[in-house]
Amino acid sequence: MTTTPDLPALGSACPHVGRLSDMMRGLQETAPVCRVRTPAGDEAWLVTRHAELKQLLLDDRITKAHPDPDTMPRYLDSPLLDMTVQRDHATAKRIHNRMREMLTPHFSARRMAALRPRVAERVGAALDAIVHEGPPADLHAQLTVPVSFHVLCDLLGMADRETFMALLAAPTTVGSEAADGAEGFPLFGFLADVVATKRALPADDLITALCESERDDHEVIAMIATVSFSYLVTPHNMSVGIALLANDPVQRDLVAADPDLLRTAVEEVLRMGKTGESLLPRYAREDIDIAGVTIRAGDLVLCDHYSASYDDRVFTDPDRFDVTRSPNPHPAFSHGSWYCVGAPLARIELTEVYRALLARLPGLRLEIPLSEINLAATNQLGGGIGELPVTW
Ligand code: HEM
C-alpha cells in the first residue's frame, strides 16, 4: 500500500452507547471498504457495510497471517494482537481449525442447558446483594463483571479467581517494550501452573477436558487464553443491554411483561452491544477486488462489526432500540469460520441477567443520561463501559 497523508484516523471517534458515531456513519456512507489510518499509524482497509463484511468474512483469502510480521501494518501497537498473527496461512488455518474443533463441543446445546441453572444462580446471588444494599447501584461493577467472570471460571474450572482476574486485565495495559512473546505476559506463566495442576488433579471442567485431548501444554494454554480474552466482551455487552433497557421504559416494560420477548431483546442488545470501533485485524493473502477497490496482498483489513450492525441497508431505523426486531441478522458474533465459539453461552448469560433483573427491579432506570455513560475503557482490548449507575 502506498503512503497516503490525509486518511481518516481510527481511534479518534467519540464512542456512544446505542448509536453509530458520526465518523463511522460518514465512512459507511462514503464507501463499503474505505482506506483509513489505524491508531498504530499504519494504513488499512476498513469494511463498513454489512454485505461486504459478510463477503470478506467468508473469503479464504482473508487470513490471520502475514509473511513479514516485523513490518506488517498494525491496527494497535499491541504485542498481544501481534502474537495472534502467524507467518503463513497454512499454520494460521491449522491453529484456528484445531482450536474450533477442540472448543466447539464444550459449547453444545446439552452442555449449555446444564450450565444455565448455574448462570441463573450466579445472577440471583449478585442481585440479592444489590437489592439488599438498595439503590443506587453500579450494575457493571456489581452485576455484569462478577457474574460473567464467575461463569467463565465455573466453565474453565479456575480455582484462584483473584489472581486470574488481575492477570486477565493486565495485558491490555502492557506496552510493546514490556513484552517478549508469551513469556512477557504473567498470565501465561499462571496458566502454565494451572495446566500442571489439572494434569495432576483432573476435574469435571473445560481445562481438564482440553488437557485430556491435547498433550502439548502450549496449545492448551493458548486455547485457555483465547477463551478468556474472547469472553471479555461479555460483561460489556451485558451492561450496554441494561443501559438500553433502563433508558427506555417502553421497551423495558415490553420485555418485563412478556419474557418470551427475551429472545429478540437479546439479539437486539447484541446488535447494539458495541460502543465504538470493534475491529478485528486480518490480512489479505492475495489481491482482492471488492466494491470498486483492490485490496493488495499483505494489506491490513479491518472487519468492523460495529458499523455493519447499524447499516440501514439491512436494519430499518438502525439507531432505534427495538426489542421486537425480527429478523435481526446482526454480525455481533462474526460469520463463517470466524463465528464466535462461545455464542451459546453469551446468549444464556444475557438472557438470564435480563430475565432476573427485570423481574427483581421492574422500575429500573439510569441515574444519568445514556449519552453520559462512562466509556473510558472502550479503546482497550475487551474494554467498554466503565460504570453503569442505575436506580429503581
Ligand atoms: C456478548 C458476548 C460475545 C460477543 C459479542 C462475542 C463476539 C465474538 C466475535 C466477533 C468473534 C470473532 C473473533 C474473530 O474473528 O477473531 C468471537 C470469537 C470467539 N469467541 Fe466470542 N463473543 C462473546 C462471548 C464469548 C464467550 C462468553 C466466549 C467463551 C467463554 C467466547 C469465545 C470465543 C472464542 C473461543 C472465539 C474464537 C473463535 C475463532 O477464532 O474461531 N465468546 N467472539
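Residue positions are given per chain, counted from 1 along the sequence in the order it is written. With the structure being a predicted model, the display of local features is reserved for residues of pLDDT at least 70 and the display and counting of side-chain atom pairs for 80 or more, all residues being used for whole-chain, interface and lining totals. Only hydrogens and water are set aside; all other atoms, that is, all heavy atoms of the structure, feed into the side-chain values.

In the vicinity of the ligand, 25 residues are found, and the nearest of them are His 96, Arg 100, Ser 230, Arg 282 and Cys 340. Pairs of N or O atoms are called polar contacts if they sit within 3.5 Å, as long as, within protein, a hydrogen donor faces a hydrogen acceptor (for residues adjacent in sequence, only side-chain-to-side-chain pairs). Measuring from an oxygen atom of the ligand, one finds a side-chain N or O atom of Arg 100 at 2.5 Å. Between the ligand and the protein, one listed contact pairs an oxygen atom with a side-chain N or O atom of Arg 282 at 2.4 Å. Here the term charged refers only to Asp, Glu, Lys and Arg, the term nonpolar to Ala, Val, Leu, Ile, Met, Phe, Trp, Tyr, Cys and Pro, and the term polar to all other amino acids, Gly among them. Residues belonging to the shell around the ligand are distributed by class as follows: 15 nonpolar, seven polar and three charged. When we say a residue is near a molecule or strand, we mean one of its heavy atoms is within 4 Å of it.

Moving on, we come to helix α10 (residues 217-231). Secondary structure is summarised from DSSP: a helix means a run of H or I of at least four residues, a strand means a run of E of at least two, and numbering begins at the N terminus for each. The span you would expect from a helix comes to 1.5 Å times its residue count less one. In a regular helix each residue adds 1.5 Å, so 15 residues correspond to 21 Å; α10 covers 21 Å between its end C-alpha atoms and thus fits that length. The rule is simple: take the accessible area with a 1.4 Å probe, protein chains only, and divide by the maximum for that residue type; under 20% is buried, over 50% is exposed, in between is partly exposed. Val 220, Ile 221, Met 223, Ile 224, Ala 225, Val 227, Ser 228, Phe 229 and Tyr 231 are the residues of α10 that are buried. A distance of 2.8 Å separates the backbone nitrogen of His 218 from a side-chain oxygen at the start of α10, and that oxygen is part of Asp 216.

Our focus in this paragraph is the sheet that holds strand β1 (residues 33-37). Within a beta sheet, neighbouring strands are joined by backbone hydrogen bonds and run either parallel or antiparallel to one another. With respect to topology, five strands assemble into an open sheet ordered β1-β2-β8-β5-β3, the strand pairing being mixed. Because the sheet does not close on itself, it has two edges, and the strands there are β1 and β3 (62-63). Should any heavy atoms of two residues lie within 4.5 Å, those residues are counted as being in contact. Axis definition: a line fit to C-alpha positions, over the contact stretch in the case of helices; interaxial angles, taken between N-to-C directions, run 0 to 180 degrees. Relative to the sheet, helix α2 (residues 50-57) contacts β1, β2 (43-47), β3 and β8 (300-304), its axis offset from that of β8 by approximately 125°. Any two strands between which DSSP finds at least two bridges are classified as paired.

Another aspect to go through is the coordination of the iron atom of the ligand. Ligating atoms shown are N, O and S within 2.8 Å of the metal, or 3.2 Å for Na, K and Ca, and water is not included, meaning a site may look less than complete. Among all protein atoms, only Cys 340 (SG) binds the iron atom of the ligand, sitting 2.3 Å from it. Relative to the assigned elements, Cys 340 resides in the loop between α14 (305-308) and α15 (343-360).

If you trace the backbone, Arg 252 turns up in helix α12 (residues 249-257). Residue class for Arg 252 comes out buried when judged on its relative accessible area of 10%. There is a polar contact of 2.9 Å between the side chain of Arg 252 and the side chain of Asp 253. When sequence neighbours within four positions are dropped, the list of residues in contact with Arg 252 reads Leu 245, Leu 358, Pro 362, Gly 363 and Leu 364.

Glancing now at α15. Since one α-helical turn is 3.6 residues long, residues separated by three or four positions face the same way. In this model α15 runs 26 Å from its N-terminal to its C-terminal C-alpha over 18 residues, within 8% of the 26 Å that 1.5 Å per residue would give. Among the residues making up α15, those that are buried are Ala 343, Leu 345, Ala 346, Ile 348, Glu 349, Leu 350, Thr 351, Glu 352, Val 353, Tyr 354, Leu 357 and Leu 358. Elements that come into contact with the buried residues of α15 comprise α5 (109-133), α6 (139-156), α11 (233-247), α12 and α13 (262-272).

Between 30 and 60 degrees the pair is tilted, below 30 it is stacked and above 60 it is edge-to-face, where a pair is any two Phe, Tyr or Trp rings, Trp via its six-membered ring, whose centres lie within 6.5 Å. Taken as a whole and judged by the stated rule, the model has four aromatic pairs. Aromatic side chains Phe 164 and Phe 190 sit 6.1 Å apart centroid to centroid with 15° between the ring planes, which places their arrangement in the stacked category. You can see Phe 164 sitting in helix α7 (residues 161-169) and its partner Phe 190 sitting in helix α8 (residues 186-200), a full 26 residues away along the chain. Here Phe 164 falls in the buried class, since its relative accessible area comes to 0%. Look at Phe 190 and you get buried, because its relative accessible area is 12%. Ring geometry for Phe 333 against Tyr 339: centres 5.9 Å apart, planes inclined by 65°, an arrangement best described as edge-to-face. Since its relative accessible area comes to 9%, Phe 333 is described here as buried. The rings of Phe 149, Phe 164 and Phe 190 are connected pair by pair, giving a single aromatic cluster. One residue, Arg 271, lies across the ring of Phe 315, its end atom 5.2 Å from the ring centre. In this scheme, Lys NZ or Arg CZ marks a charge over a ring once it lies within 6 Å of the ring centre and within 35 degrees of the ring normal. The ring of Trp 338 has Arg 282 sitting right over it, with the charged end atom 3.8 Å from the ring centre.

This part takes up the nonpolar core. Only buried Ala, Val, Leu, Ile, Met, Phe, Trp, Tyr and Cys residues count toward a nonpolar core, and they belong to the same one when joined by side-chain atoms within 4.5 Å. The biggest cluster of nonpolar side chains holds 104 residues, and the ones touching the most others in it are Leu 139, Leu 143, Phe 164 and Tyr 354. With 16 residues, the next largest nonpolar core counts Trp 45, Ile 295, Val 301 and Cys 303 among its residues.

Next up on the list: the pairing of β1. The element β1 is largely enclosed, with a buried count of four among its five residues. Pairing of β1 with β2, which is carried by five bridges, proceeds in the antiparallel orientation. Note on β2: the bridge partner recorded for Val 36 is Ala 44. Taking the residues between adjacent antiparallel strands as the criterion, β1 and β2 are bridged by five residues, where Gly 41 takes a positive phi near 95°.

Right, let's get into the pairing of β8. With five of its five residues buried, β8 lies for the most part within the structure. Along β8, one buried face is formed by Leu 300, Leu 302 and Asp 304 and the opposite face, lined by Val 301 and Cys 303, is buried too. In this sheet, β8 lies alongside β2 in parallel orientation, the contact comprising three bridges. Counterpart to Val 47 in the pairing with β8 is Cys 303. Sheet analysis places strand β5 (residues 279-284) next to β8, joined by five bridges and oriented antiparallel. Bridged to Pro 281 within β8 is Leu 302.

Our focus in this paragraph is the sheet that holds strand β9 (residues 365-366). In space, the three strands of this open sheet follow the order β4-β10-β9, with antiparallel pairing throughout. Each end of this open sheet is capped by a strand with a single partner; those strands are β4 (137-138) and β9. The pairing of β4 with strand β10 (residues 389-391) spans two bridges and is classified as antiparallel. Opposite Ala 137, over in β10, you have Val 390 as the bridge partner.

As far as function goes, none of this settles anything; it's purely spatial.
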